[in-house]
Structure formats: structure tokens, C-alpha cells
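Analysis of the macromolecular model
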Amino acid sequence: MSRTSLSGPSTSPSIPHPRRGPAGGVRRGLLYVTGAAVLWGTTGVAVQLVRESTTLTPTAIGFHRLAIGALVLVALLARRLGPVLAALRSEPVALVGVGIGLGGYQALYFLAVASGGVGVATVVSLGLAPVLIFGWESLRARRLPGRTMLGALVAGVIGLVLITVSVGEPGTTAPRPLLGLLAAFGSGVGYAASTVLSRHAAQRVAPMTLTTVSAAVGALALAPIALAEGIGVPARLAPIGLLLHLGVVTTAVAYALFYAGLRSITGSAAALATLAEPLTAVLLAGWIVGESLPVPVLVGGVLLLGAVTVVHLSPGK
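Overview of the structure. (Residues numbered from 1 in each chain as written. Predicted model: local features only at pLDDT ≥ 70, side-chain atom pairs only at ≥ 80, totals over all residues. Heavy atoms only, no water.)

**Comments concerning the overall build of the chain**
Scanning the chain from N- to C-terminus turns up 13 helices and 0 strands. When the helices and strands of the chain are listed from N to C terminus, the series reads α-α-α-α-α-α-α-α-α-α-α-α-α. Residue pairs at least 24 apart in sequence account for 90% of intrachain contacts in the chain once pairs closer than 6 positions are excluded. Carbon together with sulfur atoms contributes 71% to the accessible area of the chain, which is approximately 13000 Å² in total. (Helix = DSSP H or I, 4+ residues; strand = E, 2+ residues; numbered from the N terminus. Contact = heavy atoms within 4.5 Å. Areas by Shrake-Rupley, 256 points an atom, 1.4 Å probe, with all protein chains shown as cover.)

Structure, rendered in C-alpha cells:
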């Protein structure tokens, strides 16, 4: 990556560099993160469908998602749990912090979906992350972003603003829009902090190990609230299938891709690449659950996609 990257000089003790390698390695990392973002983009619609067919609360759905993901990952690593335990011993604070952050911002995001709709919840929570991470990395590294990355950020933020001001009117899919916005804001702050922390951990911990530990810790963090609210699921294929999708596809697979990508790109580049998530979420929300897609939303989606494309074509510049 160029020296204008927000990750700062290589001598910085506070923000370790992602592992350097050929441009193909960086682009592969961006591809992993963008793939994870597309999978995450299906989360909001799945949560809405689960809520419509069950009595589960947002926190309970989050618990099921992380618990299922953790069980799948532990089963995959059953014969190789030594590295997981070793990672917990060597990086306990970072791994527990990532897990708690994962559980917390996910629960807030699900609350935002339930209160303000899929579109607003996703674009607001994800839109804050690039701004906050760019600001944090700029402050720590005392460097401005390169023109390409700054342009991508501006385009992405404009797209997010267009989407945000055009969706979320009170209605059946957004019964409490103000609460939804506040929950989305809290989720965005938590997501940004968790991304910075997980990028530190991703330099020293294997992606599958990091995903397994963070999912397990996140599930444990949500368990007391979820148990108090009720975690019973009707014995019907539809909600069970949706919860399995949330646990296996949007957790086990998506976070493994995300943490693998963080090994070769900066946190700010990862945050920009994950702008593919709100684009996916808004499109699915309009198609499946009937949320409106006015022209400003479509324009904002094009700007988001353009920002992700620029990051892919010019990583780190």
C-alpha cells in the first residue's frame, strides 16, 4: 500500500500494519471483505422475516445467530481446538472485546431493523463506520487519506445520505423510526470500534479461530438478556431455516471471510468495502419485504457501488 494510506507509517506502535504482499493479495482481501458484506446484506431481511413468523426479540435473534455460528465453527475445528485455546491465552482482552462488540452492535442493529426498517438500519449503521474509522486512523497516524480513498469515502457518504433521507417513513416496516435511527447510530459506533479492534487481532490470530472465539463470546454476552426475553422457536421449517442462514452463512462463513480479508487490508479500506452490505440490504428490502426504493435510493446505491469499485481498483491509494 502507498504511504498515503490511512494505516500510517510502519513504525507506528498503536496501529499494526496489515500483512504486506503483492497487489493481488490486497485485492483478494478486498474480495473477501466485499463477499462478507454481501452475505451480511441478507441479514436484515432475514431478521424481519423471523420476527414476522416468531415472537423472538432482536436480542434473542442475535443470540441464536451467534450461538449457531459458534456451534458450527467449533464442530469444524473439533480436532484443532488447541490453537483456539492458545489464542485465548495469548490475546484474551482483544478476543473478548471483539466478541462483546460483535454481540452488542449486532443486537442494536437488529433493534434498528425492527424499529426503523432494513434500509435505514443498514445504511446508517454501516455509513458511520468508514467516517469513524478514517477519522481514528488519521488521528493516530497523523496522515490524510489519499485522494482516491477520500473520493471513494465522499461518494459512499453521499450515497448513504441520499438513501437515509429517502427511506424510513413511519409504517408497517418502520413503526418507530426515531428509535431505529438511534439504535442504528449505536450499532455503527460499535461496528467501527469492533472493526479496529478485530483488525489488530486478525494480524496475530487465524481467521477461523478469531471467528469462532468472537461468535462464542458474543453469544455468551447476549445469553442473559435473550434467556430473560425468551428464545423458544416454533417447530416450523421457515424460521428454523432463516436462523440457520443467519448462523451459518451470515456468521460462520461471512466473518471468516471478513477476518481473512483484514489480514491484508487496512480497517478503513475494509469499512469502505463493506458498503456493499447496505446496497445489498436495500435492494433485498425493496424486493422481499416491500420497502420502497425511490429514485434517490437508487442513485445512492449506485454511488455506494461506485465507492466499493474504486476501492477494489485502487486499494490503499
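After that view, the rundown keeps rolling.
**Quick word on helix α10 (residues 237-261)**
For α10, with 25 residues, the first-to-last C-alpha span of 33 Å sits near the 36 Å given by 1.5 Å per residue. Taken as a whole, α10 carries its principal kink of about 30 degrees at Ala254. (Expected span 1.5 Å × (residues − 1). Bend = angle between axes of the 7 residues up to and from the residue.)

**What to know about the nonpolar core**
The nonpolar side chains of a soluble globular protein tend to be buried, and buried together. With 79 residues, the main nonpolar core has Ile61 and Phe258 as its most contacted residues. If you tally residues by element for this core, the top one is helix α5 (residues 92-116), at 10 residues. (Core = buried A, V, L, I, M, F, W, Y, C linked by side-chain atoms within 4.5 Å. Buried < 20%, exposed > 50% of the residue type's maximum accessible area, 1.4 Å probe, protein only.)

**Comments concerning empty space enclosed by the protein**
Under the defined criterion, the tally for this structure stands at 3 cavities of 30 Å³ or more. Roughly 150 Å³ of volume is contained in the largest cavity. Lining the largest cavity are 13 residues, with Arg65, Tyr105, Tyr109, Tyr255 and Glu277 positioned closest to its centre. Of all elements in the fold, only α5, α6 (118-141) and α8 (177-202) reach the threshold of two or more residues within the lining of the largest cavity. With 4 residues, α5 is the largest single contributor of residues to the lining of the largest cavity. Residue composition of the lining of the largest cavity, grouped by class: 7 nonpolar, 4 polar and 2 charged. (1 Å grid on protein atoms, 1.4 Å probe; cavity = no way out; pocket = protein on both sides within 12 Å on 5 of 7 lines; lining within 4 Å. Points joined across faces, edges and corners; volume = space filled by probe spheres on them. Nonpolar A, V, L, I, M, F, W, Y, C, P; charged D, E, K, R; others polar.)

**Description of the packing of helix α3 (residues 58-76) against helix α9 (residues 207-229)**
Between two packed helices, what matters for the description is the angle formed by their axes and the separation of those axes. Contact geometry for α3 and α9: axes closest at 7 Å, N-to-C directions at 145 degrees. The handedness of the crossing between α3 and α9 comes out as left-handed. Residues Thr59, Ala60, Gly62, Phe63, Leu66, Ala67, Ala70, Leu73, Val74 and Leu76 of α3 form the contact with α9, whose own contacting residues are Met208, Thr211, Thr212, Ala215, Ala216, Gly218, Ala219, Leu222, Ala223, Ile225, Ala226 and Glu229. The residue makeup of the contact of α3 with α9, split by class, is 16 nonpolar, 5 polar and 1 charged. (Axes fitted to C-alpha atoms, helices over the stretch in contact; angles between N-to-C directions. Left-handed = near helix turned anticlockwise from the far one by under 90°.)

**A few points about the environment of Val165**
Within the secondary structure layout, Val165 lies in the loop between α7 (147-164) and α8. Given a relative accessible area of 65%, Val165 falls into the exposed group. When the C-alpha positions of Val165 and Pro296 are compared, they lie 8.6 Å apart, and in sequence the two are 131 residues distant.

**Re α3**
Three- or four-residue spacings in an α-helix give side chains the same orientation, since the helix completes a turn every 3.6 residues. Compared with the 27 Å implied by 1.5 Å per residue over 19 residues, the 27 Å span of α3 between its first and last C-alpha is a close match. Of all 19 residues that make up α3, 14 are buried, and the element is covered over most of its length.

**A few points about the packing of aromatic side chains**
Applying the stated criterion to the full structure yields 6 aromatic pairs. Between Trp40 and Phe258, the ring centres sit 5.0 Å apart and the planes meet at 65 degrees, which makes this aromatic pair edge-to-face. One end of the pair, Trp40, is in helix α1 (residues 23-40); the other, Phe258, is in helix α10, with 218 residues separating them in the sequence. Trp40 gets classed as buried once you look at its relative accessible area, which sits at 3%. (Phe/Tyr/Trp six-rings, centres within 6.5 Å; stacked < 30°, edge-to-face > 60°.)

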